[in-house]
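Okay, here's what each chain looks like letter by letter:
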Amino acid sequence: MMEAISLVGQSSGRVGTLMNSSEELIARARRGEDEAFRLIFDRYGRPVISFIYDMVGQRDLAEELTQETFVRAYKNLNNMRDETKLSTWLFGIAKNVARESLRYKHRETDKVGIDDDRVIELSDGKLPPDRQLLDKELSGVIKDALGALDEDKRVVFTLKVFQQRSYEEIAQITGSSIPKLKTDLHRARAEMRRRIKPYLGVGYEV
Amino acid sequence: MKCEECEVLIEEYADGALDQKSAGPVREHLASCTACTAFHQEWTREQEIYSRYQRDVEVTPLLWSSIEARIKQERGGAREGMLARLRIKLGGLFAGPRFSPAFAGALVVIAIALTVVVMTLLNSKNQRELLARAERNGSAPAASSDDGNPSVEAPTPEVAPKAPETGSTVASNGGGETAPKKVPAAKLVAARPTPDQLVREAEQKYLAAISMLSRDVKRHRSQLDPIMLARFDAALGDIDRTIKDTRRVVNENPGDPIALQYLLAAYSKKVDALREMTAGSEN
């Protein structure tokens, strides 16, 4: 239904994107049709880059890792076992790519989520306090809070809260058991809640 | 349900991850407990806040362009890698201890000569068979020359089982006459083989030669020295893998002259090896 609504006003190419089933796109991409793989990117590029951004907290790096995710996906199309779970498979690759990058970053003693210019700018308090600005500031807080979670919790929280994945899907993506996921998610929510609590007051109520 | 129990389940309840049986008691508890209801409301506000999270990232056309470029690069790299491996493999076959360069050179000459002889014989045999079949069926052979003389030098794609014959076959006049009619010039132009067809034809010729030599080798295997036989079998295994690999590269890149060259070289090498085995069994 959501997909049908989102078709209104979109180009025919975009409509075509939504009319192709994942299985069909995979079969065509495996046969070497570049257009089919582009349609897969059109469909999943946004959620994948959002997920990676939530994991690494940097725009340039998120773009680079999204690129790596889709290149790896292309190279491993023939290894995909269940074509009905394309998005789960893509998120699995994205998770691995992001984690590899984070481990490299840890070795480089870098930190996630605190080097963003926008956050620093907002902290200076120089921009007007309208709703849009509050949302942006809140986004900075959420981003920092995400960056403070450990990797396991961040993956689960992002997939559940932002990507609305089921526990079963998250288990497939992460390779963790569902009880562990529930525990991680509960703890992640508690940590996030603590950090955004000041923003749950006046001005942020909806 | 107690508040402690509700706290455990309330997140899953709010996520919609609880089944009806488990969700019922939570719903009932929320209707009667102000503390848990307050927590549920706070949880709902949190979700709304998260839904307003703005990321400083977008999917741009440039991102797809970068992915596309890397895919092409990877594809090219994979192809180059495979060709490089084939070069090493073929190089190994030619330069390995089994065949000295001089002997390998001599074998190449022999293989070419042998291939020509084998194909001539095959063509001659095929022509005879086709003529005999034509006499029986009242139709002309597929690749006779224009003047109706079924010469062995005439192009003979009938070695290839897939080659369509209807294009150049001319039906007899119904009186059992074996000589074919003149094929129109336009048809001859249209039937001029493409490089791909020529390669396929060459491949079929090699396959025919290999088939004939393999039969010969099979008949005389027992006469070969066991150590020599094992070495030949190992060499043939390598060559077969090379043929398989090059065939795959050619299928993926039909117009690639290097890949075609390697494919035909691999077939030639197999003819060489089989010829060597045949010669070994005769000594």
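Everything that follows concerns the structure shown earlier in this document.
Reference entry: report on the structure contained in this document. (Residues numbered from 1 in each chain as written. Chains lettered and ligands numbered in written order. Predicted model: local features only at pLDDT ≥ 70, side-chain atom pairs only at ≥ 80, totals over all residues. Heavy atoms only, no water.)

Topic: the packing of aromatic side chains
No. 1: A full pass over the atoms with the stated rule returns ten aromatic pairs over all chains.
No. 2: The interplanar angle of 75 degrees and the centroid separation of 6.3 Å between the aromatic rings of A:F37 and A:F70 together place this pair among those described as edge-to-face. Here A:F70 lies in helix α5 (residues 59–75) and A:F37 lies in helix α4 (residues 34–56), a separation of 33 residues in the sequence. For the pair shown, A:F37 and A:F70 are each scored as buried.
No. 3: Between the aromatic rings of A:F157 and B:Y50, the centroid separation amounts to 5.1 Å while the plane-to-plane angle is 85 degrees, which identifies the pairing as edge-to-face. Residue A:F157 is found in helix α9 (residues 151–162), and its partner B:Y50 is found in helix α3 (residues 34–51); the two belong to separate chains. By the burial criterion, A:F157 is buried, and B:Y50 matches it.
No. 4: One cation-aromatic arrangement involves A:K160 over A:Y167; the distance from NZ or CZ to the ring centre is 4.4 Å. (Phe/Tyr/Trp six-rings, centres within 6.5 Å; stacked < 30°, edge-to-face > 60°. Helix = DSSP H or I, 4+ residues; strand = E, 2+ residues; numbered from the N terminus. Buried < 20%, exposed > 50% of the residue type's maximum accessible area, 1.4 Å probe, protein only. Lys NZ or Arg CZ within 6 Å of the ring centre and 35° of its normal.)

Examining the interface of chain B and chain A
No. 1: Taken together, the contacts link 29 residues of chain B with 48 residues of chain A.
No. 2: When the area that chain B buries against chain A is broken down by residue, the three leading residues are B:Y50, B:R52 and B:Y53, summing to 19%.
No. 3: On inspection of chain B and its partner chain A, the count reaches ten salt bridges.
No. 4: A salt bridge links A:K197 to B:E42; the shortest N-O distance between them is 3.5 Å.
No. 5: Summed over the shared surface of chain B and chain A, the result is twelve residue pairs in polar contact (both at pLDDT 80 or more).
No. 6: Residue contributions to the side of chain B that touches chain A peak at nine residues, all from α3(B).
No. 7: Per-class residue counts for the side of chain B that touches chain A are twelve nonpolar, three polar and 14 charged. (Contact = heavy atoms within 4.5 Å. Buried area = accessible area lost by both parts, 1.4 Å probe. Salt bridge = Lys/Arg side-chain N within 4 Å of Asp/Glu carboxyl O. Polar contact = N/O pair within 3.5 Å; in protein donor to acceptor, adjacent residues only side chain to side chain. Nonpolar A, V, L, I, M, F, W, Y, C, P; charged D, E, K, R; others polar.)

Digging into the side chain of A:T88
Residue and element names in this part refer to chain A.
No. 1: Checked against the element boundaries, T88 lands in helix α6 (residues 86–107).
No. 2: A relative accessible area of 7% means that T88 is categorised as buried.
No. 3: Residues contacting T88, with those up to four places away along its chain left out, are E169, Q172 and I173.

Some thoughts on the packing of α4(A) against α9(A)
Residue and element names in this part refer to chain A.
No. 1: Relative to each other, α4 and α9 sit at 145 degrees, their axes nearing to 10 Å. Note that α4 runs across α9; the crossing there is right-handed. Along its contact with α4, which presents F51, D54 and M55, the element α9 presents E151, R154, V155, T158, L159 and F162.
No. 2: Taken together, the residues of the contact of α4 with α9 sort by class into five nonpolar, one polar and three charged. (Axes fitted to C-alpha atoms, helices over the stretch in contact; angles between N-to-C directions. Left-handed = near helix turned anticlockwise from the far one by under 90°.)

A closer look at the state of the cysteines
Residue and element names in this part refer to chain B.
No. 1: Considering all chains together, one arrives at zero disulfides over all chains under this definition.
No. 2: C3 takes part in no disulfide bond, and the closest cysteine sulfur, belonging to C33, lies 3.5 Å away.
No. 3: By relative accessible area, C3 is classed as partly exposed at 27%.
No. 4: Unpaired in terms of disulfides, C6 finds its nearest cysteine sulfur in C36, a separation of 4.1 Å. (Disulfide = S-S within 2.5 Å.)

Let's talk about the pattern of salt bridges
No. 1: Across all of its chains, the model carries 26 salt bridges over all chains by this definition.
No. 2: Taking the shortest distance from any N to any O, the salt bridge between A:E68 and B:R70 comes out at 2.9 Å. Here A:E68 is found in helix α5, whereas its partner B:R70 is found in helix α4 (residues 61–95) on a different chain.
No. 3: Taking relative accessible area as the criterion, B:R70 reaches 21% and is therefore assigned partly exposed.
No. 4: A:R165 is the partner of A:E169 in a salt bridge, and the nearest nitrogen-oxygen pair spans 3.4 Å.
No. 5: Through salt bridges with shared partners, one network takes in A:R99, A:E151, A:D152, A:K180 and A:D184.

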